[in-house]
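Understanding the architecture of this molecule
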Amino acid sequence: MTDLHSSLDRHIEDLLDVPSFPPPAAFVRQAVVTDDGVFDAAADAEEWWSEQARTRIDWATPFRTGCNDSNPPFFTWFEDGTLNASYNCLDRHVEAGRGDRVAFHWHGEEGEQRTITYAELLADVQRLANALRERGVRKGDVVGIYLPMIPEVVVAMLACARIGAPHTVVFGGFAPSSVAERLEVSNAVALITVDGARRKGRTTPTKAAVDDAIADLSDLHTVVVVRATGVTCPMTDGRDVFYDAALAAADPVCPADPMPAEHPLFLLYSSGSTAKPKGIVHTTGGYLTGVATTHSLVFDLKPDTDVFWCTADVGWITGHSYIVYGPLANGATSVMFEGAPDYPDKDIWWELIERYGVTIFYTAPTAIRACMKWGSEYPARHDLSSLRLLGTVGEPINPKAWVWYHTVIGGGRCPIVDTWWQTETGAIMISTLPGLQPAKPGSAGLPLPGVRAALLTPSGEDAGDDPGYLVLTAPWPAMLRTLHGDDQRYVETYFSTFGPRTYVVGDSARRDRDGYISIIGRIDDVINVSGHRLSTAEVESALVSHAAVAEAAAIGVHDELTGQAIVAFVTLRAGVESSAELEATLREHVAQRIGKLARPQRMIFVADLPKTRSGKIMRRLIRDVAEGRELGDVTTLGDPTVMAALQAQVVRP
Ligand code: PRX
């Protein structure tokens, strides 16, 4: 065993020197795209996307207009067409005789299995859509969804889509107060939630926890509660109804209502550089075109034979696009897993790949690093030979984790697609096409057909070989349309630096001689913890809401496992003493206010924070101190003695 492992380690070390991995011949022979004619075909991006929209999506009214760019940065796509997203994800497959195809192999935490076909999904979606309508949910009304990874979350999203009620899914790991905040700012009229959620053998009472937080929401007239665990939950007469009772009482037929292509399909709140989350708005026709196209091209999808598994939570954009809308629009079969990767044991993912014959596996670098740390013996317990393609998303992947993934999980035969995109882009934008282009560990690859990207200097010149701001220079169908209720913030956040036709991503990146783009990191105050996006301002505002705290500065520091980790520098109010208990209290306070994922890894109590003369906290200097670097430019510092004191207080862990 030891010999085996050391030879594996040696093999991985050797592969670290390999700069590029061409697609294996066996993969190329069967691949969807093997010819770079696809890039020629996309020379006219608008025409190419229109062609994808016509061929991959069913329209109730065909569109005549591709992109309307007459009012940048407010672009529209296919605006004179109408369609229904749930029709495209369900009805058309059932009508084509594929109702018995498995949409999801659902696997519960305790090993329960449910097989859900397209026909079954359609039946439940129609009933829930009718139940929502009967309770007064109308086209355009926002519906909140706060559910764990259970099949009902898909039913909920598609039922909303069916009646034109934009959904806003809140990740189950967010705290009830974050749920309430999102429901309030989106004026949600209904919430679909659950009695309790399971996590590693423990059940938390979700409905009871969320009840207080939502009590004062004046627009919220309906709460639908899925009975998933049987924990008792309070129900408010007239407002709350159990999901199963609502479905049983509802009319089984609910024809899909065609929506204008630009009708909002969903809002998804994401962290920006202020404490207020951004309500990213996606619309129907363009989004569906983007996710269906990329799911097919990037994942080399053969819907009749593939079993696709995206391990993301449905509460993030990755789950929206590559668990729900992309795979279902394409008529694919997916695995959906309720639990954590290490429960009941650290081999559960590999067990599920073997059990369901997963062919395409899509996960995050942070998860790959955790699996690598747990050891190759866990995947070695299972037959992973069904896999033919691997993917990653959410953060840069370090070459060592890439090579481990390629060797240990992919058996050296599976290409890896490193997919770069964002909540805002809706769909994958930069990746290799796995049957056509070599993969380079650590680099996402090239802009996909129909995507135009550039790297610019701060003054807008081409950055050449140097790192630059990543920008997207042409509109694409799955792009966000605005921020909910805040057109001005939309323009300022994404289009104020280089004008209304140049979308500023917020990442810095560099490009190699072959045009491959490697992401370096964020250029704003957004932190990426385990592929989850958080804003420093949100963490700071949670900290200063505690009575003991005077000021706080949160920063992201490099972390071997999670990519980045949050370190919070805190000054206390006069008379408050720092202590280990206070640190624990404050960490918990942040978890309560935002969610566990925002809990700082480390808290450092300081007498003062470095500030500019105008009083702005100099995060860059704090980051230098926290990561033990030489201090950068300190000339703008208001009180230079602060840094010496700060450095003295920061003892590296
Ligand atoms: O910084 C980039 C990083 O994640 C950011 C987007 O975060 P979010 O909207 O939460 O969406 C994550 C899942 C799509 C990006 O601005 N990011 C995403 N994918 C990659 C990445 N960084 C490097 N490589 C990637 N493949």
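Attention in this report is confined to the structure presented alongside it. Predicted model only: the values in this text are computed from it and were never measured. (Residues numbered from 1 in each chain as written. Predicted model: local features only at pLDDT ≥ 70, side-chain atom pairs only at ≥ 80, totals over all residues. Heavy atoms only, no water.)

A word on the packing of helix H11 (residues 284–298) against helix H12 (residues 317–329). Two elements in contact, H11 and H12, have axes separated by 8 Å at closest approach and are oriented at 85°. When the interaxial angle is binned, H11 and H12 end up roughly perpendicular. Judged by residue contacts, Tyr287, Leu288, Val291, Ala292, Thr294 and His295 of H11 engage His320, Ser321, Tyr322, Tyr325, Gly326, Pro327 and Ala329 from H12. Taken together, the residues of the contact of H11 with H12 sort by class into 8 nonpolar, 5 polar and no charged. (Axes fitted to C-alpha atoms, helices over the stretch in contact; angles between N-to-C directions. Helix = DSSP H or I, 4+ residues; strand = E, 2+ residues; numbered from the N terminus. Parallel < 35°, antiparallel > 145°, perpendicular 65-115°, else oblique. Contact = heavy atoms within 4.5 Å. Nonpolar A, V, L, I, M, F, W, Y, C, P; charged D, E, K, R; others polar.)

This part covers the environment of Val253. Tracing the sequence through the fold places Val253 in the loop between helix H10 (243–249) and strand S13 (259–260). We classify Val253 as exposed; its relative accessible area is 53%. For the pair Val253 and Ala123, spaced 130 residues apart in the sequence, the C-alpha separation amounts to 7.9 Å. Once residues lying within four places of it in the same chain are set aside, the contact partners of Val253 are Gln126 and Asn130. (Buried < 20%, exposed > 50% of the residue type's maximum accessible area, 1.4 Å probe, protein only.)

Enumeration according to the criterion identifies 37 salt bridges in this entry. Taking the shortest distance from any N to any O, the salt bridge between Lys200 and Asp342 comes out at 3.0 Å. Note that Lys200 is positioned in the loop between strand S9 (197–199) and strand S10 (202–204) and Asp342 in the loop between strand S17 (333–337) and helix H13 (348–356), a separation of 142 residues in sequence. You can call Lys200 partly exposed: its relative accessible area is 40%. The closest approach of N and O atoms between Arg522 and Asp507, which form a salt bridge, is 3.3 Å. Here Arg522, found in strand S26 (residues 517–522), pairs with Asp507, found in strand S25 (residues 503–511); they are 15 residues apart in sequence, far enough to count as distant. (Salt bridge = Lys/Arg side-chain N within 4 Å of Asp/Glu carboxyl O.)

Aromatic ring pairs: the centre-centre distance and the angle between the two ring planes describe each pair. Taken as a whole and assessed by the stated rule, the structure comprises 30 aromatic pairs. On the numbers, 4.5 Å between centres and 40° between planes, the contact of Phe63 with Phe78 is tilted. Note that Phe63 is positioned in the loop between helix H4 (45–56) and strand S1 (67–68) and Phe78 in the loop between strand S2 (76–77) and strand S3 (82–83), a separation of 15 residues in sequence. A relative accessible area of 9% means that Phe63 is categorised as buried. Judged by centre distance (5.7 Å) and plane angle (85°), the ring pair of Tyr287 and Tyr325 falls under edge-to-face. Of this pair, Tyr287 sits in helix H11 while Tyr325 sits in helix H12, placing them 38 residues apart in sequence. (Phe/Tyr/Trp six-rings, centres within 6.5 Å; stacked < 30°, edge-to-face > 60°.)

Turning our attention to the sheet that holds strand S23 (residues 453–456). The strand order S23-S24-S25-S26 describes an open sheet built from 4 strands, whose pairing is antiparallel. Lying at the two open borders of the sheet, with one neighbouring strand each, are S23 and S26. Adjacent strand axes in the sheet meet at a mean angle of 45° when their direction is disregarded. Examined bridge by bridge, S23 and strand S24 (residues 468–472) share 4 bridges and lie antiparallel to one another. Its bridge partner being in S24, Leu456 is matched across the sheet by Tyr469. (Pairing = 2+ DSSP bridges.)

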